[in-house]
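Fold and geometry: a report
So you can see what is in the structure, the chains are spelled out below.
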Amino acid sequence: MPLELLKLPSEMRRACDDARRRGESVGIVPTMGALHDGHLALVREARRRAGFVVVTVFVNPTQFGPNEDFGRYPRDLQGDMAKVAEAGAAAVFAPEASAMYPPGDETRVKVGALSVPLCGQYRPGHFEGVATVVAKLFVLAGASVAIFGRKDYQQLAIVRRLATDLLLPVEVVGHPIVREADGLAMSSRNAYLSPEERQRALALSKGLGAAASLFAAGERDAAVLRDAVSSLLVPAATSVDYVDVADPDKLTPYGDGAVGERTLLAVAARIGATRLIDNTVLGEEPPP
Ligand code: AMP
């Protein structure tokens, strides 16, 4: 079957309804496009779990702040379509912003406490934009399964919460972070990095790895774990938004003192003008 390109919300709804009528379950993979192998791993996971997989490609304006990279975010719909067809998707939904936010739009979805810490401190309104567009996509698709990357760990936690709270019958699956051979987490924003910045960006995953080694050797002191990351990250980064250890479910940062046996270690830093994030859950997954 050739890949279907859906532009209108009504076309998205119809394609998903048709799939269900044929007896196929619907899986959705929301993305902003400029797809890389991390995204494609999500598509393949969706294909394992659903008969009809739709990948959404939408650079969602409401999740960008006024000084962020909305205007220059990489866009390559033709390339994206070829990649997702290869990975097993049946359709791409790539709407115009005006179709997702109709004239007079004034509805937002806000997920409370989970949106406050970590990136919530540095990107006001970001998660409200994410939650709003994801809720719209879930309602349009009526998907039974949705795949999100653990790269955006806070986003995944927020999406799980919103699906539960809005009583949406969709299983939200978190996929492990896909990394380059040297450890850098794949990201569409890596395309912004100069070769020299690309080298410096390795400090994110290396810092997480250093803390993970300490954790594996028994270290549980929050400050020591944060310092292990910072000592590699601070010299390499242009600026560091945060290095935090936090409860992996509630996302509340541990202050000082002991961390839990499962601990989210999350970082956000700017390398040149590019803001990158990375994380690992100590005690739960192999170190980066
Ligand atoms: P984005 O296009 O950056 O909004 O990402 C779309 C989806 O792909 C989100 O669920 C991300 O968490 C996920 N994703 C992006 N990069 C990676 C990666 N390196 N590994 C796993 N998932 C990823």
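Comments concerning the overall build of the protein
- What the protein contains, in helices and strands, is 9 helices and 9 strands.
- Scaling as 2.2 N^0.38, a compact globule of 288 residues should have a C-alpha radius of gyration of about 19 Å, and the protein matches this with 19 Å.
- Seen through its C-alpha atoms, the protein measures out along the principal axes to roughly 55 × 40 × 40 Å.
- For the protein, buried positions account for 55% of its 288 residues.
- Sequence separation of 24 or more characterises 71% of the internal contacts of the protein that already satisfy a separation of 6 or more.

A look at the sheet that holds strand β3 (residues 52–57)
- Here we have 6 strands laid out as an open sheet, ordered β1-β4-β3-β2-β5-β6, and parallel in their pairing. Both edges of this open sheet fall to β1 (4–6) and β6 (171–175), since each of them pairs with a single strand only. Here the average twist between neighbouring strands, direction ignored, is 25 degrees.
- Taken together, the 5 bridges between strand β5 (residues 145–149) and β6 define a ladder with parallel strand orientation.

Some points on the pairing of strand β7 (residues 239–246)
- Most of β7 is tucked away: 6 of the 8 residues are buried.
- One ladder, built from 7 bridges, connects β7 with strand β8 (residues 263–271); its direction is antiparallel. Considered in β8, the bridge of V245 is made with L265.

Structural notes on the environment of V84
- Residue placement: V84 occurs in helix α3 (residues 77–87).
- You can call V84 buried: its relative accessible area is 1%.
- In sequence terms V84 and L40 are 44 residues apart; their C-alpha atoms lie 6.6 Å from each other.
- Sequence-distant contacts of V84, that is, excluding residues within four places in its chain, are made with L3, L35, L40, V43, V55, A89 and V92.

A closer look at the nonpolar core
- By size, the foremost hydrophobic cluster in this structure holds 49 residues, and its most contacted members are M12, I28, V54 and F138.
- In terms of residue count, the dominant contributor to this core is helix α5 (residues 126–141) (10 residues).
- Non-local contacts of I28, meaning those with residues more than four positions away in its chain, are made with M12, V54, T56, L137, F138, A141, A143, V145, A146 and I147.

Describing the pairing of strand β9 (residues 274–282)
- Among the 9 residues of β9, 9 are classified as buried, and the element is accordingly described as predominantly covered.
- One ladder, built from 9 bridges, connects β8 with β9; its direction is antiparallel. Bridge pairing links I271 to T274 in β9.
- Here β8 hands over to β9 after 2 residues, with G272 in that stretch at a positive phi of 60 degrees.

Concerning the site of the ligand
- Near the ligand you find 16 residues, and of these H39, G149, D152, V178 and M186 are the closest.
- One nitrogen or oxygen atom from the main chain of M32 is found 2.9 Å from an oxygen atom belonging to the ligand.
- At a separation of 2.8 Å, a nitrogen atom of the ligand approaches a polar backbone atom of M186.
- Protein coverage of the free-state accessible area of the ligand, which is 480 Å², stands at 94%.
- Listed by contribution, the elements that provide at least two residues to the shell around the ligand are β2 (26–31), α2 (37–49) and β5.
- Grouping the amino acids of the shell around the ligand by side-chain chemistry returns 9 nonpolar, 5 polar and 2 charged.

What to know about the sheet that holds β9
- Taken together, the 3 strands give an open sheet; going across it, the order is β7-β8-β9, and neighbouring strands pair in antiparallel fashion. On the outer flanks of this sheet lie β7 and β9, each paired with one strand and no other. Strand-to-strand, the axes of this sheet are offset by a mean angle of 10 degrees, without reference to chain direction.
- Relative to β9, helix α8 (residues 202–216) is tilted by about 20 degrees, and along the sheet it contacts β8 and β9.

Reading guide: rules and limits
Chains are numbered independently. Their residues run from 1 in the order of the written sequence. Local features in this predicted model are restricted to residues of pLDDT 70 or higher, and side-chain atom pairs are both shown and tallied only at a pLDDT of 80 or more, whereas totals for entire chains, interfaces and linings draw on every residue. The basis for every side-chain value is the complete set of heavy atoms in the structure, and neither hydrogens nor water enter the calculation. For the purposes of this entry, the term helix denotes a DSSP run of H or I that reaches at least four residues, the term strand denotes a run of E that reaches at least two, and both are numbered from the N terminus. When we talk radius of gyration, it's over C-alpha atoms, and the globule rule is simply 2.2 Å times the number of residues to the 0.38. Each residue gets one of three labels from its accessible area relative to the maximum for its type: buried under 20%, exposed over 50%, partly exposed in between, using a 1.4 Å probe on protein chains only. In what follows, a contact means two residues having at least one pair of non-hydrogen atoms within 4.5 Å. Strand pairing is assigned whenever DSSP detects at least two bridges linking the two strands. All axes here are fitted lines through C-alpha atoms, helices being fitted over the stretch that makes contact, and every angle between N-to-C directions spans 0 to 180 degrees. Side-chain atoms within 4.5 Å are what join buried Ala, Val, Leu, Ile, Met, Phe, Trp, Tyr and Cys residues into a set we call a nonpolar core. Here, proximity means that at least one heavy atom of the residue falls within 4 Å of the molecule or strand. Identification of polar contacts relies on pairs of N or O atoms within 3.5 Å, with a donor-acceptor requirement for protein atoms, meaning one able to donate a hydrogen and the other able to accept it, and with residues adjacent in sequence counted only if both atoms are side-chain atoms. Each accessible area value is a Shrake-Rupley result obtained with a 1.4 Å probe; residue values ignore everything except the protein chains displayed when judging cover. In this classification, the charged set is Asp, Glu, Lys and Arg, the nonpolar set is Ala, Val, Leu, Ile, Met, Phe, Trp, Tyr, Cys and Pro, and all remaining amino acids, among them Gly, are polar.

From the geometry alone we can't say anything about function, so treat these as descriptive.
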